[in-house]
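Topology and contacts: notes
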Amino acid sequence: MSSHIHWVVLSDGARPTEDIYFYESAAPTLHQQGVLTERFPVSRSFGAAWLHGRAFKHRYAGVSLLLCRSLPLSWLRWLERNRNVFGYIVYLIDDDIAAAAVDTSLPSAYRKRMARIAKLQPRLLELADEVVACSDQLASYFTPRHANVSVLTPPLLAPLPGHDHFSIPPSAETPWQIGFHGTRAHLQDLLHIAPALETLQQRDDTELEIMLGQHLPKRLAALPRVKAPAPLPWQAFQRYQRQRRLHIGLAPLLETPFNQGKSFIKFLDIAAMGGVGIYSNRYPYTEVVRHGENGLLVEDTTDAWRDGLQQLLEDPAATSRMAEQAAKDAQRIGDPSLVVSFWQARSERLD
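Cut-offs and rules
- Residues numbered from 1 in each chain as written.
- Predicted model: local features only at pLDDT ≥ 70, side-chain atom pairs only at ≥ 80, totals over all residues.
- Heavy atoms only, no water.
- Phe/Tyr/Trp six-rings, centres within 6.5 Å; stacked < 30°, edge-to-face > 60°.
- Helix = DSSP H or I, 4+ residues; strand = E, 2+ residues; numbered from the N terminus.
- Buried < 20%, exposed > 50% of the residue type's maximum accessible area, 1.4 Å probe, protein only.
- Lys NZ or Arg CZ within 6 Å of the ring centre and 35° of its normal.
- Pairing = 2+ DSSP bridges.
- Salt bridge = Lys/Arg side-chain N within 4 Å of Asp/Glu carboxyl O.

**Thoughts on the packing of aromatic side chains**
- Per the counting criterion, the structure on display carries 19 aromatic pairs.
- Ring centres of Phe-56 and Trp-78 lie 5.8 Å apart, and the angle between their planes is 80 degrees; on these two criteria the pair is classed as edge-to-face. Within this pair, whereas Phe-56 is found in helix H3 (residues 48-60), its partner Trp-78 is found in helix H4 (residues 73-81), the two being separated by 22 residues in sequence.
- We classify Trp-78 as buried; its relative accessible area is 6%.
- Their ring planes at 55 degrees and their centres at 5.9 Å tell us that Trp-78 and Phe-86 sit as a pair that is tilted. Accessibility classification places Trp-78 together with Phe-86 in one group, the buried group.
- Three or more aromatic residues link up through ring pairs in this structure, and these residues are Phe-40, Phe-56, Tyr-60, Trp-75, Trp-78 and Phe-86.
- We note Arg-39 situated over the ring of Tyr-23; from NZ or CZ to the ring centre the distance is 4.3 Å.

**Description of the pairing of strand S10 (residues 248-251)**
- What you see with S10 is no split at all: Ile-248 and Leu-250 on one side and Gly-249 and Ala-251 on the other are buried throughout.
- As paired strands, strand S7 (residues 176-180) and S10 are joined by two bridges and run parallel to one another. The residue bridging Ile-178 from the neighbouring strand is Ile-248, located in S10.
- Two strands pair when backbone bridges link them, and S10 and strand S11 (residues 276-280) are joined in this way by four bridges, in the parallel orientation.

**Here's the deal with unusual backbone geometry**
- Residue Tyr-283 is joined to Pro-284 through a cis peptide bond whose omega torsion reads 10 degrees.
- In the Ramachandran plot, Arg-69 falls in the positive-phi region, its phi being about 70 degrees despite a non-glycine side chain.
- With respect to the helices and strands, Arg-69 occurs in the loop between strand S3 (64-68) and H4.
- Its identity as a non-glycine residue notwithstanding, Arg-225 has a phi of 55 degrees, on the positive side.
- Within the element layout of this structure, Arg-225 appears in the loop between helix H10 (218-221) and strand S9 (226-227).

**Some details on the pattern of salt bridges**
- The final tally for this structure, using the stated rule, is 23 salt bridges.
- Put simply, Arg-244 and Glu-209 hold a salt bridge, and the shortest N to O gap is 3.2 Å. With Arg-244 in the loop between helix H11 (234-243) and S10 and Glu-209 in strand S8 (residues 206-210), this residue pair connects regions lying 35 residues apart in the sequence.
- With a closest N to O distance of 3.4 Å, Asp-307 and Arg-306 form a salt bridge.
- Several salt bridges converge on common partners, so that one network encompasses Arg-15, Glu-18, Asp-19 and Arg-39.

In structure tokens, the structure reads:
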């Protein structure tokens, strides 16, 4: 490919989205092939676009832009006025923002932030030559709203560990590690399975890690052998994920419009920590999980979650085999070369 191809991520701070779907997965290989890639952080301060826009236009005229999730209003207005200066524009989105804005199960501050983005999203779509969504379901939301919608599922960025930690069965001396590493946006999903976790922690052979810090619900904080580390910034979480070893990962996902737009990234996250997951028996997990082979798919009942946990704890050998299969499948479906090929195809069209 020619060295004149140039992608600039116009970054409003959605670092995980940018890194997962472009900057850490595809950009290094594209760079080796002569494609220039940069990240340009935009400021939300008043007048930032007016102050920096002229220099940006001078430096980046003709480049292709990648917009992730949102832009500050000042930059959005500036880009609308200067759209003809730039080349191909991609709008990358990994959540149903409009659904999040009206989902009363989500934290109010999060809903308000999503509402601000949702209000601006039609203008972002108008700027874009292509919309790239993280799942088929999310793409189906945008298909009536844009003429060119593609799907790019998440890649596995972390190296996969071994599974030696399964060689010792769960006991009070060597408790198995169970983890929930979702954000506060999944608090209601977690609370739905709280009764099963309360039953589980009556045993003395497990430790439960819930990465919600001060936002951990009181009923779960009261349980024995529960750790609640504070949520980590993106890059710190990546480092943590590489050294943390789980036996069982929890991925509850209630049937809400917001959750319907989710990707299967939790399957990759759990595999990256060496674990096997228990997942809600619905999309997107039904796309990648084969029940009893590389994880468990369970219904939204306390009994189903309790039984799933007991099944994994009481048959360590079978659980270890599931974790090993999950790792193999994570490597296959999360192969970063698929993301590289996606962006290579677009770069070649621009050449």
